[in-house]
Structures are given as structure tokens and as C-alpha cells.
Amino acid sequence: MKPFAFTASFAFLLLAGVAAYGQPLPAIIPQPVYAKQERGEYQLPAQPVIMVPAKQEAIARTAGLLASQLKSGLGRETRITTTGTKSDISFSLLAQPMDKLGKEGYMLQC
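The model shown is predicted, which means the values in this text are computed figures rather than measured ones. Along each chain, residue indices are assigned from 1 in the same order as the chain's sequence is written. Totals for whole chains, interfaces and linings use all residues, but because this is a predicted model, local features are given only for residues with pLDDT of at least 70 and pairs of side-chain atoms are given and counted only at 80 or more. To obtain the side-chain values, all non-hydrogen atoms of the structure were included, while hydrogens and water were left out.

### Observations concerning the overall build of the protein chain
Under the DSSP-based scheme used, a helix requires at least four consecutive residues in state H or I and a strand at least two consecutive residues in state E, with every element numbered from the N terminus. Per the secondary structure count, the protein chain includes one helix and five strands. Going residue by residue from the N terminus, the α and β elements of the protein chain occur as β-β-α-β-β-β. The protein chains shown are the only cover counted for residues, whose accessible areas, like all others here, come from Shrake-Rupley with a 1.4 Å probe. Of the roughly 7800 Å² that the protein chain leaves accessible, carbon and sulfur atoms contribute 54%.

### A word on the side chain of aspartate 88
Its place among the elements puts aspartate 88 in the loop between strand S3 (79-81) and strand S4 (89-93). For the purposes of these results, a polar contact is taken to be a pair of N or O atoms within 3.5 Å, where, inside protein, one atom must be able to donate a hydrogen and its partner to accept one; residues adjacent in sequence count only when each atom of the pair is a side-chain atom. A distance of 2.9 Å separates a polar side-chain atom of aspartate 88 from the backbone nitrogen of valine 49. A polar contact is formed between the side chain of aspartate 88 and the side chain of lysine 86, at a distance of 3.4 Å.

### Notes on the nonpolar core
Residues belong to a common nonpolar core when they are buried Ala, Val, Leu, Ile, Met, Phe, Trp, Tyr or Cys residues joined through side-chain atoms within 4.5 Å. Partly exposed residues are those whose accessible area sits between 20% and 50% of the maximum for their type, while under 20% is buried and over 50% is exposed, using a 1.4 Å probe and protein chains only. Grouped together as the largest cluster of nonpolar side chains are ten residues: Leu44, Ile50, Val52, Ile59, Ala63, Leu66, Ala67, Leu70, Ile89 and Phe91. Breaking this core down by element, the ones donating at least two residues are helix H1 (57-74) and S4. The element that contributes the greatest number of residues to this core is H1, accounting for five residues.

### As for the pattern of salt bridges
The salt bridge criterion pairs a side-chain nitrogen of Lys or Arg with a carboxyl oxygen of Asp or Glu, the two atoms within 4 Å. Taken as a whole and judged by the stated rule, the model has two salt bridges. Its salt-bridge partner being glutamate 77, residue lysine 71 comes within 2.5 Å of it at the nearest N-O pair. Take lysine 71: its relative accessible area is 42%, and that puts it in the partly exposed class. Among the ionic pairs, lysine 86 bridges to aspartate 88, the shortest N-O distance being 3.4 Å.

### With respect to the environment of glutamine 109
Here glutamine 109 lies in strand S5 (residues 106-109). On a C-alpha basis, the gap between glutamine 109 and serine 90 in space is 9.9 Å, while along the polypeptide they are 19 residues apart.

### Here's the deal with H1
The terminal C-alpha atoms of H1 lie 25 Å apart, and with 18 residues this matches the ideal 26 Å at 1.5 Å per residue to within 8%. Backbone geometry just after H1 places glycine 75 at a positive phi near 75°. By this rule, a helix spans an expected 1.5 Å times one less than how many residues it contains.

### Quick look at unusual backbone geometry
Not every positive phi belongs to a glycine, and lysine 55 is a case in point at roughly 60°. Of the residues examined, lysine 55 reaches a relative accessible area of 80% and is grouped as exposed.

### Observations regarding the confidence of the model for the protein chain
Detailed conclusions should not be drawn from predicted coordinates in areas where pLDDT is low. Confidence of the prediction at every residue is given by pLDDT, a number between 0 and 100. The predicted model of the protein chain has a mean per-residue pLDDT of 76, with 75% of residues at 70 or higher. In the predicted structure, residues 1-21 sits below a pLDDT of 50 and forms 77 contacts with residues beyond four places in sequence or in another chain. Contacts were defined at the residue level, with two residues in contact if any of their heavy atoms lie within 4.5 Å.

### Details of the environment of leucine 94
Summarising the element assignment, leucine 94 is placed in the loop between S4 and S5. A sequence separation of 13 residues divides leucine 94 from methionine 107, and the C-alpha atoms of the two residues are 9.9 Å apart.

### Section: the side chain of threonine 81
Note on placement: threonine 81 falls in strand S3. One polar contact links the side chain of threonine 81 to the main-chain carbonyl oxygen of threonine 83, over a distance of 3.1 Å. For threonine 81, the contacting residues outside a window of four places in its chain are Val49, Ile50, Met51 and Val52.

The following block contains the structure:
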């Protein structure tokens with residue numbers, strides 16, 4: 001399986017461990033090897049849009065899982081698309097593997 005980059009516009013998914021500012025970060029599993037907390041906030045839109053690469057069924061399934069969790073947990077109607085330039089969350093495969101990510105690594109960029 002190729003590693004993939006996951007760009008999310010909500011920072012709470014990225015953070016784990018203890019923050020540089022002395023605040024505990026949300027616990028996530030698996031715990032990231034590295035997390036960098038920065039100041040700021042993000043409000044998830046009422047109807048978020050998730051962008052996935054065309055013809056990438058595994059990534060589309062993952063996006064579908066996230067959409068269902070946003071619906072059940074937050075009541076957000078989420079749209080998944082493969083086209084357009086405006087999205088609140090996007091998934092993409094890396095063109096070249098990154099050694100530091102390993103076989104099942106991922107990156108979250110907020």
C-alpha cells in the first residue's frame with residue numbers, strides 16, 4: 001500500500017501528546033511519531049466537502065468513513081467529490097514514497 005497524504009482543515013485530528021504551549025493535545029490512535037501544535041482555530045463548515053483522487057477506491061472508502069463519522073458525531077452533511085478546487089478536507093497519494101513515513105505512514109497538514 002502506498003503512503004498517502006491527508007490534508008485536513010481541522011487541526012484536532014493532527015494533535016496528540018503534550019502541546020508546546022503546555023496544553024494537553026487530544027489523544028488519537030495510532031499516536032503520531034511527531035506532532036507540532038500551532039496557535040489558531042478552525043470551525044468545520046455545516047456542509048464540509050471532502051476531495052479524493054479519481055479512481056482511488058480505497059481512499060474514497062476512507063473518505064466515506066470520515067463522512068459518516070462527521071454525520072453521526074456532529075450532524076454534518078458531507079459531500080465527497082473528485083473534481084473542483086474548493087474542499088475543506090482532501091486526501092491524496094504521494095507521488096513518491098517518503099522513507100520517514102514507512103509503509104503505512106501518513107501526514108496530516110492543517
